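Understanding the architecture of this molecule
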Amino acid sequence: MILRFTIILCLIFCVPAIAQVTVDTDLVRPQPVCVTNQPEPVLIEAQKYEHTGSTLRAFGSVFFQKGKARLNASVAEYDYNARSGRMQDVIFTTCERRKPDYRLEAREVTLLPNNKLRARDASLFLGNLRVLTLPSIKLSTGGQSAANNVFPIPGFDPDDGFTLSQNLRLIDNDRFRTVADLRLTTENGVQGQFTGIYGLNGNLDYFPGRFLTYDSLRADVLELPKEPVGGPCSPESMEPVNAARLRAFGTFSLKQRTYDIENDNLIVYKQPELGLRYIGKQINFTGTKLDPRLDIYPEIITTWGRYRESPGLPGYTDRGLINATAGLNFWSLGPSTTVQPVISHTWATYSNGDSYQQAAYAVDASHLWSNSSYASVRYITRSESGVTPFQFDNIDIFHEFQGAFQVNFSSHTVGLVLSYDIDAEQLYDWEAMYGWHSDCLASWIRWRDRIQRLSFDVTLINL
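Read on for an overview of the structure. (Residues numbered from 1 in each chain as written. Predicted model: local features only at pLDDT ≥ 70, side-chain atom pairs only at ≥ 80, totals over all residues. Heavy atoms only, no water.)

Looking now at the pattern of salt bridges. One pass over the full model with this rule turns up 20 salt bridges. Arg257 is paired through a salt bridge with Asp160; the nearest N and O atoms lie 2.6 Å apart. Residue Arg257 is located in strand β16 (residues 256-257), and its partner Asp160 is located in the loop between β11 (153-157) and β12 (161-172); the two are separated by 97 residues in the primary sequence. Two residues, Asp429 and Arg450, come together in a salt bridge whose shortest N-O distance is 3.9 Å. Of this pair, Asp429 sits in strand β26 (residues 426-437) while Arg450 sits in the loop between β27 (441-448) and β28 (453-461); the two residues are 21 residues apart in sequence, bridging distant segments of the chain. Residue class for Asp429 comes out buried when judged on its relative accessible area of 1%. Each of Asp159, Asp160, Arg183 and Arg257 takes part in one network of salt bridges that share partners. (Salt bridge = Lys/Arg side-chain N within 4 Å of Asp/Glu carboxyl O. Helix = DSSP H or I, 4+ residues; strand = E, 2+ residues; numbered from the N terminus. Buried < 20%, exposed > 50% of the residue type's maximum accessible area, 1.4 Å probe, protein only.)

A few words on the environment of Phe194. Within the secondary structure, Phe194 sits in strand β14 (residues 189-199). The sequence separation of Phe194 and Ser253 amounts to 59 residues, and the corresponding C-alpha distance is 6.1 Å. Discounting residues that sit within four places of it in the chain, Phe194 has contacts with Leu170, Val179, Ala180, Leu182, Gly250, Thr251, Phe252 and Leu254. (Contact = heavy atoms within 4.5 Å.)

If you walk through the whole model with that rule in mind, you get 11 aromatic pairs. Judged by centre distance (5.0 Å) and plane angle (25°), the rings of Phe390 and Phe392 are stacked. Judged by its relative accessible area of 5%, Phe390 falls in the buried class. On the accessibility criterion, Phe392 (22% relative accessible area) is partly exposed. Following the ring pairs from residue to residue traces out a cluster consisting of Tyr307, Tyr350, Phe390 and Phe392. Sitting over the ring of Tyr269, Arg308 keeps its end group 4.2 Å from the ring centre. When the ring centre of Tyr307 is taken as origin, the NZ or CZ atom of Arg319, which lies over that ring, is 4.6 Å away. (Phe/Tyr/Trp six-rings, centres within 6.5 Å; stacked < 30°, edge-to-face > 60°. Lys NZ or Arg CZ within 6 Å of the ring centre and 35° of its normal.)

This next bit is on the side chain of Arg293. Its place among the elements puts Arg293 in the loop between β18 (283-284) and β19 (299-310). Overall, the relative accessible area of 8% leaves Arg293 in the buried class. Here Ser372 takes part through its side chain, which lies 3.0 Å from a polar atom of the side chain of Arg293. (Polar contact = N/O pair within 3.5 Å; in protein donor to acceptor, adjacent residues only side chain to side chain.)

A separate point is helix α1 (residues 214-221). Every buried residue of α1 is listed here: Tyr214, Ser216, Leu217, Arg218 and Val221. Structurally, α1 contributes buried residues whose contacts are with β23 (374-386), β24 (399-409), β25 (412-421), β26 and β27. The N-terminus of α1 is capped by Thr213, whose side-chain oxygen sits 3.1 Å from the backbone nitrogen of Ser216.

The full count for this structure, using the stated rule, is 3 cavities of 30 Å³ or more. Reported here for the largest cavity is a volume of approximately 140 Å³. For the largest cavity, the lining is made up of 13 residues, of which Lys66, Leu111, Leu112, Asn115 and Thr141 are closest to its centre. Listing elements by their share of the lining of the largest cavity, those giving two or more residues are β4 (55-66), β5 (69-79) and β7 (102-112). A total of 3 residues in the lining of the largest cavity trace back to one element, the largest contributor, which is β5. Residues belonging to the lining of the largest cavity are distributed by class as follows: 7 nonpolar, 2 polar and 4 charged. (1 Å grid on protein atoms, 1.4 Å probe; cavity = no way out; pocket = protein on both sides within 12 Å on 5 of 7 lines; lining within 4 Å. Points joined across faces, edges and corners; volume = space filled by probe spheres on them. Nonpolar A, V, L, I, M, F, W, Y, C, P; charged D, E, K, R; others polar.)

Take the environment of Val339 next. Among the secondary structure elements, Val339 is positioned in strand β21 (residues 337-350). Classification of Val339 as partly exposed rests on a relative accessible area of 26%. Put simply, Val339 and Ser366 are 27 residues apart on the chain and 6.6 Å apart in space, counted from C-alpha to C-alpha. Here Val339 is in contact with Leu328, Asn329, Trp331, Leu333, Val363, Asp364 and Ala365, once residues within four sequence places are set aside.

Before going further, it helps to examine the pairing of β5. Sheet topology note: the β4/β5 ladder contains 10 bridges and is antiparallel. Each residue of the ladder has a partner; that of Thr55, found in β5, is Asp79. One ladder, built from 8 bridges, connects β5 with strand β6 (residues 84-93); its direction is antiparallel. Looking across to β6, one finds that Glu77 is bridged to Arg86. If you look at the hairpin formed by β5 and β6, you'll find 4 residues sitting between the two strands, and Arg83 has a positive phi there, around 55°. (Pairing = 2+ DSSP bridges.)

Put into C-alpha cells, the structure is as follows:
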C-alpha cells in the first residue's frame, strides 16, 4: 500500500520531528489585495518523502502549494528555513479551477526565497493551446508583484504604426530592480528606456495610494484589479510593512516618445537621468483613517540628467530639478470618501544658464466602493516662471478638469479617464478600457483618443 503523506509547513512552527523555526512574513502585496500579518502556509502532498534538518524531499505525484501558487511535480525538494526549493517535471498555475485557464509546464522549477520562480525548458498554455516556449522564464509568486506581463502588448497608432511592447525585469529582488521598457514599431524602429531603482531604507514594495500625476490617475483606473474583487479591505491590512520611502533611481532612454500635448511626435533622450525620491505618509488632519487606496502621498523628487529632445536644440543640456508635492486631508468624510487640496512646486536649472519654476494647485475628490469600483475628479491650475530649453518641461495645459472612474461587475471591468482644457473649452484627451478576468488570467483592450492608439493586453494575475 502506498502511503500518502501530507505536511503543512506553517512557517512559524513545524512538525515535531523538525526543529522549530521562525520565518519573516511575506512581503505586502499591491492594492487591492487584502493582506494579513500571518505568513502563508506551505502545503506538500506526496506518495513518499524524507526530511533532513529543515529540508524536505518528496517523491511521486508531488503536489505543492504556497499561497495561490500550485505546482505538480515528480520530485520536489524544499527548505522551509530558506523558503526555497527545486522541482522536476512541473506543472504550475495559480488557477483554482479543475481545468485551469493557464498553466506553465517545465522540465525544472526553482523556487527562490524572494517570492520568485524560475522555470527552465518552459511552455506556457492558455487552456490547451501552447502559446509560448522559452528556455528560461522568471515569474513572481507573491510579494512585490501580483501580476506578470509575460506576453508582449500589441498596439497601433498613426505615428508609430503597428507596435509590440514589452516590459522586462532584468534584475528583480527585494531592494533592487532594473526594468527594460521596449517597443518595436513599424514606422519609427526601436524605442526604449532602461530604469534601475534601489530601496535605500527598505524593500521595493508597492504603495497602495495615489500620486498627483496624470499618468498615475490613468494607471489607477485603466488597469484591472490585481485579483478578483472581494469585500472591503481594512486600512491596516494594506499598509506596507517594510517599504522603502527613500529610493534612488537611474534612467537611460533611447528615442523615447513623450506624447507631449503640443507635439505628439516629441522624442526625448535621457543619457542618463539620476535621482532620489522620497514618498511620505498621507498628511491627515482628521481622526478618520482613509482607505490607503485614497491616500495622496507627499513626495520629494530631485534629479540630475543630460537631456536632448527631437525636434529641439542640438546636443545635450544638463538639468537639475527638485519637485515637492503634498496632498492634505482636512475633512472627515469617512474612510471611503475624500476631498483633498494638493500643492506642488518644481524648481529647475540648466547648464545653458536658464532657470524655470512651476507651481500647481489642485483639489481631488474621490470615492471608493466596497467592490473596488472607483471615481475621482480633479481641478488643477498651474503657473510657470523663467525659461526652459525643453518642450517636455513646460506647461501645456494651465487650467483643467480631470475625471476618472472604474466600474467592476462580476468578471468585467470598465474604465474611463477624461481631461478637459478649461481655457480652450475642449476635451483634449480621453482613454477607455474594457477588461475581463477569471481567477488567474486577465485580458483587456484600451483606446486613447488623443494619439489614436489601440492596444491589447493579456496578463497572469493572482501570483
